[in-house]
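# Architecture at a glance
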Amino acid sequence: MAKTEKRQRFEKVAGSRVQRVLDTLQLLKNCSNRNNYDYSDADVEQMFSEISKALRDTRSAYVGELNKVCKKGFTFKS
């Protein structure tokens, strides 16, 4: 089965954006070196709380869109 144009576009765009997120997380990981940076437990909790919230919000957007497709409301049949 051939991939649709929308599917191909999704794979290209989403794939590159996911890679960018992963690359940025690697850069953030580099900041964990205590020889170069000073941070507290509270800093770490605040950072990862925000990251977790953003991940939850993003996942919710996808799940919401999937549920729109799956849910069929009431309609009169002609």
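The notes below deal with the structure included here. A quick note: this is a predicted structure, and the numbers were derived from the prediction, not measured.

## As for the pattern of salt bridges
In this structure the tally under the stated criterion is four salt bridges. Here lysine 3 makes a salt bridge to glutamate 11, at a shortest N to O gap of 2.9 Å. Accessibility expressed as a relative area gives 32% for glutamate 11, which makes it partly exposed. Of the charged contacts in the structure, one is a salt bridge between lysine 53 and aspartate 57, with a shortest N-O distance of 3.1 Å. Of the two residues, lysine 53 and aspartate 57 both sit in helix 2 (residues 41-70), four residues apart, roughly one turn of that helix.

## Focus: the environment of serine 52
Considering the arrangement of structural elements, one finds serine 52 in helix 2. Judged by its relative accessible area of 33%, serine 52 is partly exposed. The spatial distance from the C-alpha of serine 52 to the C-alpha of phenylalanine 76 is 42 Å, given a sequence separation of 24 residues.

## Overview of a negative patch on the surface
A grouping of Asp38, Asp41, Asp43 and Glu45 is seen on the molecular surface, where their side chains present a negatively charged patch. Relative to the helices and strands, aspartate 38 resides in the loop between helix 1 (5-30) and helix 2.

Calculation criteria
Residues numbered from 1 in each chain as written. Predicted model: local features only at pLDDT ≥ 70, side-chain atom pairs only at ≥ 80, totals over all residues. Heavy atoms only, no water. Salt bridge = Lys/Arg side-chain N within 4 Å of Asp/Glu carboxyl O. Buried < 20%, exposed > 50% of the residue type's maximum accessible area, 1.4 Å probe, protein only. Helix = DSSP H or I, 4+ residues; strand = E, 2+ residues; numbered from the N terminus. Patch = residues over 30% accessible without salt bridge, like charges linked within 9 Å, V, L, I, M, F, W, Y side chains within 5 Å. Areas by Shrake-Rupley, 256 points an atom, 1.4 Å probe, with all protein chains shown as cover. Lys, Arg positive; Asp, Glu negative; His and termini not counted. Charge placed at Lys NZ, Arg CZ, Asp CG, Glu CD.

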